[in-house]
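The primary structure of each chain is shown beneath.
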Amino acid sequence: MVNWKEIAKIDSHIHLMPEEVRQANIETGGKFVVYGGLEDYKRLMEKYNIEAAFIMPFNDPYMLSMDFTVESVHKNLAQIIEGQEQKLYAFADVDLRLEIKETLRELDRVLAHENFLGIKIHPNNAAYPIDGLYYKEILSYAEKNNRLVEIHSYPKDHLVDDLCSPARIKKALEPYPRLRVSIAHLGGFHYQEFFGLPYYFNISAILNAYVDRLGLEKTNEILRKLGVDRLVFASDYPDNRSLKADEIYDKYFQSLNQMDFTQEEAEKICRTNALKMIGKA
């Protein structure tokens, strides 16, 4: 049996909070405030053999700044990863309140820093569909500049046309065949739409939701159909719809340990595929 906890890994989707934001909201007791501190996460990295992690913004500047601007979000993310070279990286944020020209200028500025790996798009947090004109400009920019784009896809079960649904994502990506894409959360329970497609798929937030509803064997089958060479380990720590923050990693490894992946396949999912995705393999 493969021991997923012991494999050297990259967690390709986590959330950490700037300390000033945590302190300003400490009385709320929310999971991002309680569990989203840098020092606490560094201890988890050591415990679970996490060599590196990618910090994701929310497309909601109220989450990661005190003056609620995307520029401050990027400043705060840069401060979190400063001094953590080759351990912590970040993705650039998008704020739809800005004119698209302003957004593209800000992306140019922040992506000049090598520790910012790509662009995060979260249609649901932004309340804007992935196939909307604003995102088309960003996707075109990313393809032209060879930038990785991560797209949130965890639609409501009953909405095939949800803002982040696989059907919408496929439509939005058709004009950009050379774009590097990572799909977060596997499209939720619309996962079949992604079978056979050439994107990367990270298992953040969704793994144990599949196991709880569909069973271990079916979850194993879904992951294989998405493709061992395209799967990327990720947790969404400290966020999860069915798990408490302090049980996410243990529950993930408990489930993965019972699946039929070989050691070589597990190492691809844990590390190699993520390096290929970000162009460092």
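Coordinates for the structure precede this section.
Summary of the structure given here. Every value quoted in this text rests on a predicted model; they were computed, and no experiment measured them. (Residues numbered from 1 in each chain as written. Predicted model: local features only at pLDDT ≥ 70, side-chain atom pairs only at ≥ 80, totals over all residues. Heavy atoms only, no water.)

### Comments concerning the packing of aromatic side chains
So the rule is basically this: Between rings of Phe, Tyr and Trp, where Trp is taken as its six-membered ring, a pair exists when centres lie within 6.5 Å; planes separated by under 30 degrees are stacked, by over 60 edge-to-face, and by other angles tilted. Strands are runs of DSSP state E lasting at least two residues, helices are runs of H or I lasting at least four, and both sets are numbered from the N terminus onward. Residue exposure (1.4 Å probe, protein chains only): buried if accessible area is under 20% of the type maximum, exposed if over 50%, otherwise partly exposed.
One pass over the full model with this rule turns up 20 aromatic pairs. On the basis of an interplanar angle of 15° and a centroid distance of 5.7 Å, the ring pair of Phe233 and Phe253 is categorised as stacked. Here Phe233, found in the loop between β8 (231–232) and α11 (248–257), pairs with Phe253, found in helix α11; they are 20 residues apart in sequence, far enough to count as distant. Judged by its relative accessible area of 0%, Phe233 falls in the buried class. The class for Phe253 is buried, based on a relative accessible area of 3%. Taken together, a centroid distance of 5.8 Å and an interplanar angle of 20° make the contact between Tyr237 and Tyr249 stacked. With Tyr237 in the loop between β8 and α11 and Tyr249 in helix α11, the pair connects residues that are 12 residues apart, well separated along the chain. Of the two residues, Tyr237 and Tyr249, neither departs from the other in class, the shared state being buried. Taken together, the aromatic side chains of Tyr41, Tyr48, Phe233, Tyr237, Tyr249, Tyr252 and Phe253 make up a single cluster linked through ring pairs.

### A closer look at the pairing of strand β5 (residues 148–152)
Rules: Criterion used throughout: strands pair if DSSP finds at least two bridges between them. When the strands point away from the viewer, a crossover counts as right-handed if the path from the first strand over the helix to the second runs clockwise.
Counting buried positions along β5 yields five of five residues, so the element is predominantly enclosed. Side-chain alternation along β5 places Leu148, Glu150 and His152 on one buried face and Val149 and Ile151 on a second face that is also buried. The pairing of β5 with strand β6 (residues 181–184) spans four bridges and is parallel. Bridge assignment links Glu150 to a residue of β6, and that residue is Ser182. A crossover links β5 with its parallel partner β6, the connecting element being helix α8 (residues 166–173), and its sense is right-handed.

### Some words on the nonpolar core
We count it as follows: In this text, buried Ala, Val, Leu, Ile, Met, Phe, Trp, Tyr and Cys residues form a nonpolar core when linked through side-chain atoms within 4.5 Å. By definition, residues are in contact when any of their heavy atoms lie within 4.5 Å.
Trp4, Tyr41, Ile119, Ile138, Ile203 and Tyr249 are the most contacted members of the largest nonpolar core, which totals 84 residues. Ranked by the residues each element gives to this core, the list is headed by helix α7 (residues 133–144), at six residues. Residue contacts for Ile119: discarding those within four places in its chain leaves Phe91, Ala92, Val94, Leu107, Leu111, Ile138, Tyr141, Ala142, Arg147, Leu148, Val149 and Glu150. Counting residues in hydrophobic clusters, the runner-up holds 14 residues, among them Phe54, Met56, Ala274 and Met277.

### Let's talk about the pattern of salt bridges
Between side chains of opposite charge, pairing is possible as soon as their charged atoms come close. Rule in force here: Salt bridges are counted wherever a side-chain nitrogen of Lys or Arg sits within 4 Å of a carboxyl oxygen of Asp or Glu.
Scanning the model with the defined rule gives 17 salt bridges in all. Three or more residues are tied together by salt bridges with common partners; here these are Asp131, Arg168 and Lys171.

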